[in-house]
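Next come the chains, spelled out residue by residue.
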Amino acid sequence: MKKLIFILSLLFHFNFGFAQKETEQKIDHYIKEVIQINEIPGVALAVVKDGKVIYQKYFGKASLEENKAVDKNTAFKIFSTTKLITNVGVFQLIEKGKLSLDDPISKYIDHLPIEWQSVKVRNLLSHSSGLPNIVMFRDITNNLPFDKKMEILSTKPMEFVTGNEYRYNQTNYLFLTRIIEKITGSGFDDYILQNQFPSIQSGVYFSSNFGETFPNSAFRYNYSTENKTYIKSTSDFGTDAHSANGLNISLENFILWNQNLDENVYLKKETKYSMWKPFLFANNTDRFAYGWEIIPVNKILSYGFTGGNETAFRKFPDNDLTIIFLSNGHKYSNLYVQSQVINHVAAIVDKTLVDDFLLAGEKMNQDFLKLEITKAKENYLTVKRNHPDWDFEYRLNIIGYTLMNYGRINDAIKVFELNAKENPKSANAFNSLAESYFNNKELENSKLNYKKSLELAPDNANSKEMLKKINTLLEKKS
């Protein structure tokens, strides 16, 4: 009997080890393909399943100029993924009874306009505040002191009635910074580092100045369509942006942060789960939690956030799965590669997370980028024949703009034409097609499609303006 048990144990461990190796190889193959198609300089990826790190690897370069490889010490700028760390900091104060979701922001920030008085902490976290978004105004520069920023911002109109809808807004996190500092009496950076990274000596720091150099930092690269090469980013969002986009962290330290979150070191379990409860928007359509995006994958809910179109952190609580993706540049940054990586890797690791719609959308992106346009269209139409209920209007639109922005105007027109044909009642589809014709100097075709867009959406100001512009150009030509 003991011999049988021993043999069965050996078989179990052999099969488990083989399955794990096969999973690792599948992820390797997939990630290398993603890097190649999107020309990503450097990547770090981790998968944590059932409390164990089952995948942790590094690819490419942290610095192209120095030919420096990404490794376990490389600190990536995680951009808006920083907000997850800020959210945990806020809920630590809530758990200690020092803050409430229902506290009005006027309790902590002085001299607010009357119409801002009803905004609560829960509205900041859920992006339901309706406050004017500070990054949208050229007269509010990053180097202005906070009081001066507030003076100018207070003159701007509200975007919508507080609580009505979700609209991503950096003002929300500027105010969360001030609230944290008012309650704790310390700077935001110090509060976060002391309460979430107390034992970390290196590989975690705050800087929203992308041109600033730190030891082992991964540079942020922007792809130049004009020069057809990557250029170092020198953007500086100032210290006030640290809570929104300022954290720099190595993959190893991010894994440790996740472990502490899982083991309820930062927050009690019930407090942690309260972050993931959906906010009740008045429009009854938007879905977002308290600082965390809610993403269904094969009808299973996951929670996380992305940053800079380059980083992503996502948890699947019911599957005890966390995936962390860090990179320092994407050639095709508007295709949301970071989210697709999370969804695809999740499907490799856990078959219950195979979402055919999401995977088909990712393949569609890849097809239009790397295949002849005719073949890519054939593949799309095959998918639609098999799944006529699947809606790819938004995806085709993004693909079209990607091709147009990267010099493939004729291919872009074919994609926009396909989208308009597939969605004949969409004003946006015809508006995008009209724009592509205009950029290709096909003024009559552009005019025709702007008119069609206007018929479907009579209040479309852009179509009206473009029709005036086209008529003026046609008059000059005649």
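Use the structure listed above.
The rules behind these values
Residues numbered from 1 in each chain as written. Predicted model: local features only at pLDDT ≥ 70, side-chain atom pairs only at ≥ 80, totals over all residues. Heavy atoms only, no water. Helix = DSSP H or I, 4+ residues; strand = E, 2+ residues; numbered from the N terminus. Buried < 20%, exposed > 50% of the residue type's maximum accessible area, 1.4 Å probe, protein only. Contact = heavy atoms within 4.5 Å. Lys, Arg positive; Asp, Glu negative; His and termini not counted. Charge placed at Lys NZ, Arg CZ, Asp CG, Glu CD. Expected span 1.5 Å × (residues − 1). Pairing = 2+ DSSP bridges. Salt bridge = Lys/Arg side-chain N within 4 Å of Asp/Glu carboxyl O. 1 Å grid on protein atoms, 1.4 Å probe; cavity = no way out; pocket = protein on both sides within 12 Å on 5 of 7 lines; lining within 4 Å. Points joined across faces, edges and corners; volume = space filled by probe spheres on them. Nonpolar A, V, L, I, M, F, W, Y, C, P; charged D, E, K, R; others polar. Axes fitted to C-alpha atoms, helices over the stretch in contact; angles between N-to-C directions. Core = buried A, V, L, I, M, F, W, Y, C linked by side-chain atoms within 4.5 Å. Left-handed = near helix turned anticlockwise from the far one by under 90°. Phe/Tyr/Trp six-rings, centres within 6.5 Å; stacked < 30°, edge-to-face > 60°.

(A) Main features of the overall build of the protein. Per the secondary structure count, the protein includes 17 helices and 12 strands. In terms of overall dimensions, the protein has C-alpha extents of about 90 × 65 × 50 Å along its principal axes. Counting only residues that meet the buried cut, the protein has 52% of its 478 residues in that class. Sequence separation of at least 24 residues holds for 66% of the intrachain contacts in the protein that already meet a minimum separation of 6. A gap of 3 Å separates the mean positions of the 58 positive and 55 negative side-chain charges of the protein.

(B) Looking closely at unusual backbone geometry. The phi dihedral of Asp50 is positive, around 50°, even though this residue is not glycine. Locating Asp50 in the fold gives a position in the loop between strand S1 (42-49) and strand S2 (52-63). Although it is not a glycine, Phe79 sits at a positive phi angle of roughly 55°. Relative to the assigned elements, Phe79 resides in the loop between strand S4 (75-77) and helix H2 (82-95).

(C) Structural detail: helix H8 (residues 251-262). Taking 1.5 Å as the rise per residue, H8 with 12 residues should run 16 Å; its terminal C-alpha atoms sit 16 Å apart, in good agreement. Of the positions making up H8, those classed as buried are Leu251, Asn253, Phe254, Ile255, Trp257, Asn258, Asn260 and Leu261.

(D) Up close: the side chain of Ser453. Here Ser453 is to be found in helix H16 (residues 443-456). Beyond its immediate chain neighbours, meaning those up to four positions away, Ser453 contacts Ala427, Phe430, Asn431, Asn460 and Ser463.

(E) Summary view of the pairing of S1. Of all eight residues in S1, eight are buried, a share of seventy percent or more. The alternating pattern of S1 places Gly42, Ala44, Ala46 and Val48 and Val43, Leu45, Val47 and Lys49 on opposite faces, both of which are buried. Pairing geometry for S1 and S2, over eight bridges, is antiparallel. Paired with Val48 across the bridge in S2 is Val53. Between S1 and S2, which follow one another and run antiparallel, lie two residues, and Asp50 among them has a positive phi close to 50°. Where S1 lies against strand S12 (residues 321-327), seven bridges are found, and the strand directions are antiparallel. Note on S12: the bridge partner recorded for Val43 is Ser327.

(F) Representation of the pattern of salt bridges. In this structure the tally under the stated criterion is 19 salt bridges. Glu65 is the salt-bridge partner of Lys232, the closest N and O atoms lying 3.9 Å from each other. Taken together, the residues span a long stretch of sequence, with Lys232 in strand S7 (residues 229-232) and Glu65 in the loop between S2 and strand S3 (68-69) at a distance of 167 residues. Since its relative accessible area comes to 32%, Lys232 is described here as partly exposed. Residue class for Glu65 comes out partly exposed when judged on its relative accessible area of 49%. Several salt bridges share partner residues, and in doing so they unite Lys149, Arg178, Glu181 and Asp240 into one network.

(G) Looking closely at empty space enclosed by the protein. Tallied over the full model, the rule gives one cavity of 30 Å³ or more. Looking at the largest cavity, its volume works out to about 80 Å³. Along the walls of the largest cavity sit Tyr30, Val34, Ile37, Asn38, Leu335, Val337, Gln340, Val341, Glu362, Asn365, Gln366 and Leu369, which together make up its complete lining. Counting only elements with at least two residues in the lining of the largest cavity, the list comes to helix H1 (2-38), helix H10 (337-349) and helix H11 (356-370). Looking at the lining of the largest cavity residue by residue, the classes come out as seven nonpolar, four polar and one charged.

(H) Fine view of the sheet that holds strand S8 (residues 247-250). In spatial order, the strands read S4-S8-S5; together these three strands make up an open sheet with antiparallel pairing. Edge positions in the sheet fall to S4 and strand S5 (204-206), since each has one partner strand and no second. Ignoring strand direction, the axes of neighbouring strands in this sheet form an average angle of 25°.

(I) Up close: the nonpolar core. In terms of nonpolar packing, the biggest core is built from 68 residues, with Ile85, Leu125, Phe175, Phe254, Trp257 and Trp292 touching the most fellow members. Here Leu125 is in contact with Asn87, Val90, Phe91, Leu101, Tyr173, Leu176, Phe288, Ala289, Tyr290 and Gly291, once residues within four sequence places are set aside. One finds Ile37, Tyr55, Trp390 and Phe392 within the second-largest nonpolar core, a separate group that totals 55 residues.

(J) Quick peek at the sheet that holds strand S10 (residues 300-307). With respect to topology, seven strands assemble into an open sheet ordered S3-S2-S1-S12-S11-S10-S9, the strand pairing being antiparallel. The strands lining the two open edges of the sheet, one partner per strand, are S3 and strand S9 (293-297). With two bridges connecting them, S2 and S3 associate as antiparallel partners. Across the sheet, the residue bridging to Lys61 is Ala69, located in S3.

(K) Quick look at the packing of H2 against helix H5 (residues 171-184). Packing of H2 against H5 leaves a shortest axis separation of 11 Å and a crossing angle of 40°. Both H2 and H5 take part in a crossing whose hand is left-handed. In this structure, H2 uses Lys83, Thr86, Asn87, Val90 and Leu93 to contact H5, whose residues at the interface are Tyr173, Leu176, Ile180, Ile183 and Thr184.

(L) Spotlight on the packing of aromatic side chains. Taken as a whole, this structure holds 28 aromatic pairs when the rule is applied. A centroid spacing of 5.4 Å and a plane angle of 65° characterise the contact between Phe210 and Phe237, whose relative ring orientation is edge-to-face. One end of the pair, Phe210, is in the loop between S5 and strand S6 (221-224); the other, Phe237, is in the loop between S7 and helix H7 (242-245), with 27 residues separating them in the sequence. With relative accessibility at 33%, the residue Phe237 sits in the partly exposed group. When the centroid spacing of 5.2 Å and the interplanar angle of 20° are considered together, the rings of Phe357 and Phe392 count as stacked. With Phe357 in helix H11 and Phe392 in the loop between helix H12 (373-386) and helix H13 (393-405), this pair connects stretches of sequence that are 35 residues apart.

These figures capture arrangement, not role.
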